[in-house]
Amino acid sequence: MQSDVSDIFEQTLQEKKSELQTCQNAQNVLTCSDCDKMFECEIRKAYVKAVYESMSKGQGGGFEF
C-alpha cells in the first residue's frame, strides 16, 4: 500500500511540474523568479504544494534540509 501512496504523490508532482514548465515556456522565462506573477501564481503554488506532499507522502510535518 505504501508504494501506491508514493506513486500517487509522485504522479501528482510530475503533473504539476509539467504544468509549471509549460507556463514558464509560455511566459518565456527560465525560472519562476523571472516572472512578475511569481507570488500570485496558482500554478506555482500548486507545484510547491505537490513538492511538499511528495516529500511527506501526505503525512504532514516538518522537513530537514
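For the structure, see preceding data.
Residues numbered from 1 in each chain as written. Predicted model: local features only at pLDDT ≥ 70, side-chain atom pairs only at ≥ 80, totals over all residues. Heavy atoms only, no water.

> I would appreciate a short explanation of the pattern of salt bridges in the present structure.
Side chains that differ in sign of charge can pair as their charged atoms come close. Tallied over the full model, the rule gives three salt bridges. Between Lys 16 and Glu 19 there is a salt bridge, and its shortest N-O distance comes to 3.8 Å. With Lys 16 and Glu 19 both in helix α1 (residues 2-27) and three residues apart, this pair spans about one turn of that helix. The exposure class assigned to Lys 16 is partly exposed, which follows from its relative accessible area of 23%. Using a relative accessible area of 38% as the deciding quantity, one classes Glu 19 as partly exposed. Across the salt bridge formed by Glu 53 and Lys 49, the nearest N and O atoms sit 3.9 Å from each other. Separated by four residues within a single helix, Glu 53 and Lys 49 lie in helix α2 (residues 42-56), roughly one turn from each other. According to the relative accessible area criterion, Glu 53 is partly exposed, its value standing at 27%. (Salt bridge = Lys/Arg side-chain N within 4 Å of Asp/Glu carboxyl O. Helix = DSSP H or I, 4+ residues; strand = E, 2+ residues; numbered from the N terminus. Buried < 20%, exposed > 50% of the residue type's maximum accessible area, 1.4 Å probe, protein only.)

> In this structure, what is going on with empty space enclosed by the protein? I would like to understand it.
Empty space among the atoms can be located by rolling a probe the size of a water molecule over them. According to the stated counting rule, one finds one cavity of 30 Å³ or more in the structure shown. Approximately 70 Å³ is the volume found for the largest cavity. Counting residues per element, the lining of the largest cavity draws most heavily on α1, at four residues. Its residues assigned to classes, the lining of the largest cavity shows seven nonpolar, two polar and two charged. (1 Å grid on protein atoms, 1.4 Å probe; cavity = no way out; pocket = protein on both sides within 12 Å on 5 of 7 lines; lining within 4 Å. Points joined across faces, edges and corners; volume = space filled by probe spheres on them. Nonpolar A, V, L, I, M, F, W, Y, C, P; charged D, E, K, R; others polar.)

> Is there a simple way to think about unusual backbone geometry in this case?
Trans peptide bonds make up the majority, and among non-glycine residues the majority have a negative phi. In this model, Asn 28 sits at a positive phi of 60°, which is unusual for a non-glycine residue. With respect to the helices and strands, the residue Asn 28 is situated in the loop between α1 and α2.

> I keep staring at α2 and nothing clicks. Help me out?
Under the 1.5 Å per step criterion, the end-to-end length of α2 is 21 Å for 15 residues, consistent within 8% with the ideal 21 Å. Along α2, the positions that sit buried rather than exposed are Ala 50, Ser 54 and Ser 56. Down the axis, α2 shows its buried residues gathered within 165° of arc, on one side only. Two residues or fewer after α2 comes Lys 57, characterised by a positive phi angle close to 55°. (Expected span 1.5 Å × (residues − 1). Arc of directions from axis to C-beta.)

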